[in-house]
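Residues per chain are reported as follows:
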Amino acid sequence: MQRKTKIMTAVTATLAFLALGSGTVIQMHAANDVSSVGQTAAPKTASADSTKLTANRASGTKQNYKVTYSDRTNSDDSATFQKKTYGTTSTAQDQVDYVGSADGATVKLNKQTRAVVQGTMGHTYVHWTKGDWSVTAVTSNADESGTPTQFAKQVNQQLAKKSLPKSADTGAVTVYSQDENQEANSVTWQDGKQVYKVSGTTADTTVKVAQNTTN
């Protein structure tokens, strides 16, 4: 009888352990889910000129999530903030299109910054670097609202007003002078094994979302 009691006690303890283990896994999984922007590094809002983007949806896990933005006054203005985690730091770094030195004619954006100008396929690219970041301002040759240099100066001024995420090991900014139908403007940066990317329809709000990032 005593032996039977010991066996039953052991079985009960084992079942209790399994139940606890199962519950712990479920809780860990639930805690890992992302359902609100407050659980991410993405900002809740981003304002540039007369445009204000507001986060309206967050989904995924803490390792891989997506936050979407929209402008309630203009349905065409939107942006997306994404985080992806890779297996190695080098793989994550490969996801960032950092552009180093480039050849071409140069222009002066301010006292400290000179940029390289290149043209191809109906577009003019003005490129420069800021520390661990590369910046490319793209202007369509059909855009008569200003010159490529003027647009590049505007972008550089915005970047000077507020820094991009300081946690970035390397980063790249690519923005267009004209508003895009798709989220072609992008700010991408790597932080260890994590890669963050902001994509948007307008240059200034895309950069602003990245500047307001909490990491």
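Parameters at a glance
- For every chain, the first residue of the written sequence is number 1, and numbering continues from 1 onward in sequence order.
- The predicted nature of this model means local features are confined to residues of pLDDT at least 70 and side-chain atom pairs, given and counted, to a pLDDT of 80 or more, with totals for whole chains, interfaces and linings taken over all residues.
- Excluding hydrogens and water, the side-chain figures rest on all heavy atoms present in the structure.
- A run of H or I in DSSP counts as a helix once it spans at least four residues, and a run of E counts as a strand once it spans at least two, with each numbered from the N terminus.
- With a 1.4 Å probe rolled over the protein chains alone, any residue whose accessible area is under 20% of its type maximum counts as buried; one over 50% counts as exposed, and the rest are partly exposed.
- Contacts between residues were defined by any pair of non-hydrogen atoms, one from each residue, lying within 4.5 Å.
- Accessible surface is estimated by sampling points in the Shrake-Rupley manner with a 1.4 Å probe; for residues, cover comes only from the protein chains shown.
- In the cavity and pocket records, a cavity denotes points on a 1 Å grid over the protein atoms alone where a 1.4 Å probe fits but cannot get out, a pocket denotes an open set with protein on both sides within 12 Å along at least 5 of 7 lines, and lining residues are residues with an atom within 4 Å of a point.
- Grid points are joined across faces, edges and corners, and a volume is the space filled by probe spheres set on the points.
- In this count, Pro and Cys sit with the nonpolar residues alongside Ala, Val, Leu, Ile, Met, Phe, Trp and Tyr, while Asp, Glu, Lys and Arg are called charged and the others, Gly among them, polar.
- Any pair of Phe, Tyr and Trp rings, taking the six-membered ring for Trp, is counted once the centres come within 6.5 Å. Such a pair is stacked with planes under 30 degrees apart, edge-to-face with planes over 60 apart, and tilted for the rest.
- Values of pLDDT, ranging from 0 to 100, describe the predictor's confidence in every residue of the model.
- A pair of strands is labelled paired if DSSP reports no fewer than 2 bridges between them.

Caption draft 1: Quick peek at the overall build of the protein chain. When helices and strands are counted, the protein chain shows four helices and eleven strands. Split into buried and exposed, the 215 residues of the protein chain put 36% on the buried side. In the protein chain, the share of contacts with a sequence separation of at least 24, taken over all contacts with a separation of at least 6, comes to 50%. Summed over its atoms, the accessible surface of the protein chain is roughly 12,500 Å², and 50% of this surface lies on carbon and sulfur atoms.

Caption draft 2: Structural detail: the layout of surface pockets. A volume near 450 Å³ is recorded for the largest pocket. A48, D49, Q154, Q158 and D204 are the residues nearest the centre of the largest pocket, which is lined by 20 residues in total. Only β1 (45-48), α3 (148-161), β9 (170-176) and α4 (203-211) provide two or more residues apiece to the lining of the largest pocket. Classifying every residue of the lining of the largest pocket by side-chain character gives seven nonpolar, seven polar and six charged. Here the second largest pocket defines a volume of roughly 330 Å³. Contributing to the lining of the second largest pocket are 17 residues, with Q95, D97, S186, T188 and K197 lying nearest its centre. Per-class residue counts for the lining of the second largest pocket are six nonpolar, seven polar and four charged.

Caption draft 3: Structural detail: the packing of aromatic side chains. Throughout the structure, instances matching the rule amount to five aromatic pairs. With centroids separated by 6.4 Å and ring planes inclined at 10°, the aromatic side chains of Y65 and F81 adopt a geometry described as stacked. Of this pair, Y65 sits in strand β3 (residues 65-71) while F81 is found in strand β4 (residues 74-85), placing the two residues 16 residues apart along the sequence. Given a relative accessible area of 0%, F81 falls into the buried group. With 6.2 Å between their ring centres and 65° between their planes, F81 and Y196 make a pair best called edge-to-face. With F81 in strand β4 and Y196 in strand β11 (residues 194-200), the pair connects residues that are 115 residues apart, well separated along the chain. On the basis of relative accessibility, which here comes to 6%, the residue Y196 falls in the buried class. Three or more aromatic residues link up through ring pairs in this structure, and these residues are Y65, F81, W133, W189 and Y196.

Caption draft 4: Just the confidence of the model for the protein chain, in detail. Across the protein chain, pLDDT averages 85, with 86% of residues at or above 70. Note on residues 1-28: pLDDT is under 50 here. Beyond four places in sequence and across chains, it has zero contacts.

Caption draft 5: The pairing of strand β5 (residues 105-108), seen in detail. Two strands pair when backbone bridges link them, and β5 and strand β6 (residues 114-120) are joined in this way by four bridges, in the antiparallel orientation. In the strand pairing of β6, T106 is matched with V116.

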